[in-house]
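Single-letter residue listing:
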Amino acid sequence: MPRAVREQQMLDAAVRTFGQRGYRAASMDEIADLAGVSKPLVYLYLNSKEDLFSACIRREAAALTAAVRAGVHPGLPADRQLWEGLRAFFTHTAQNPDGWAVLHLQARTHGEPFAAEVTAMREELVAFVTQLIAVAAREAHRDPSPAERAEHEVAGLAEALVGAAESLAAWANTTPGVSAKQAAATLMNFAWAGLGNLMDGRAWTPPKS
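Residues numbered from 1 in each chain as written. Predicted model: local features only at pLDDT ≥ 70, side-chain atom pairs only at ≥ 80, totals over all residues. Heavy atoms only, no water.

As recorded in an unreviewed UniProt entry, the protein goes by TetR/AcrR family transcriptional regulator and comes from Streptomyces vastus.

## Observations regarding the nonpolar core
Within soluble globular proteins, side chains that are nonpolar tend to cluster in buried spots. Of all hydrophobic cores here, the largest spans 58 residues; its most connected members are Phe-18, Leu-52, Ile-57, Leu-64, Phe-89, Phe-90 and Leu-103. When residues in this core are grouped by element, the largest group, 10 residues, is from helix H7 (residues 114-141). Discounting chain neighbours no more than four positions away, the residues touching Phe-89 are Leu-64, Val-68, Trp-100, Leu-125, Ala-165, Glu-166 and Ala-169. (Core = buried A, V, L, I, M, F, W, Y, C linked by side-chain atoms within 4.5 Å. Buried < 20%, exposed > 50% of the residue type's maximum accessible area, 1.4 Å probe, protein only. Helix = DSSP H or I, 4+ residues; strand = E, 2+ residues; numbered from the N terminus. Contact = heavy atoms within 4.5 Å.)

## Quick look at the UniProt feature "DNA-binding region" (unreviewed entry) in the protein
Under the UniProt annotation, the feature "DNA-binding region" (unreviewed entry) is placed at residues 27-46. Note that residues 27-46 is 80% helix and 0% strand, and that its end C-alpha atoms are spaced 14 Å apart. (UniProt positions renumbered as here; feature names shortened; annotations may be inferred.)

## Focus on the packing of aromatic side chains
As enumerated under the stated definition, the model contains 7 aromatic pairs in all. Between Phe-89 and Phe-90, the aromatic rings sit 5.3 Å apart at their centres with planes inclined by 90°, giving edge-to-face as the arrangement. Judged by relative accessible area, which is 2%, Phe-90 ranks as buried. On the basis of an interplanar angle of 85° and a centroid distance of 5.5 Å, the ring pair of Phe-89 and Trp-100 is categorised as edge-to-face. With Phe-89 in helix H5 (residues 78-95) and Trp-100 in helix H6 (residues 97-106), this residue pair connects regions lying 11 residues apart in the sequence. An identical accessibility class is assigned to Phe-89 and Trp-100; each is buried. Among the aromatic side chains, those forming a connected cluster through ring pairs are Phe-18, Tyr-23, Phe-53 and Phe-114. One residue, Arg-3, lies across the ring of Tyr-45, its end atom 4.2 Å from the ring centre. A cation over an aromatic ring shows up here: Lys-49 above the ring of Tyr-23, its NZ or CZ 4.8 Å from the ring centre. (Phe/Tyr/Trp six-rings, centres within 6.5 Å; stacked < 30°, edge-to-face > 60°. Lys NZ or Arg CZ within 6 Å of the ring centre and 35° of its normal.)

## Looking at the environment of Asp-79
The topology assignment puts Asp-79 in helix H5. The exposure class assigned to Asp-79 is partly exposed, which follows from its relative accessible area of 31%. When the C-alpha atoms of Asp-79 and Trp-192 are compared, they prove to be 7.3 Å apart, with 113 residues separating the residues in sequence. Non-local contacts of Asp-79, meaning those with residues more than four positions away in its chain, are made with Met-188 and Trp-192.

Here you go:
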């Protein structure tokens, strides 16, 4: 069997084990058994438990960001782009619950360098969503540049949307009967009602006192 194929089998087994049992409780023996290989072979290919976990994070992060990007078609209206991006995100996390557990729960709670890997993924998603919101603002105001809307405001909206998607995905994956489409629609209804008003110049303002 080619090394690349064998390595993917090991990563599949590791993601399943880390996602279901947690990083500390997972053992290399268990991962090797699940992959159908010897433990020495796992060490030969992936060096250590820490390196194996990092490889899992990188693979799952790349797959998630690729799924979201592939789901968005630039020619669509702004609301459709956001909808397709959210649906792609929730579909991927629902179809890969162990991978999402590795990214959302395990990697963030076991320090560097694991948290840094997830931070890089999150920054890429936030940058992508920031671009979508900026494009929506330009379309709404027929303005070639979002100069009227502070850059930090657009970035803040993107941060809030990604954070909400992460929390909602964790909830949806542990709540029976919630589909990826339902989760995406829930966030779309929550987000676009506000974003739509904002793009139309109907922003909510806090009271003066």
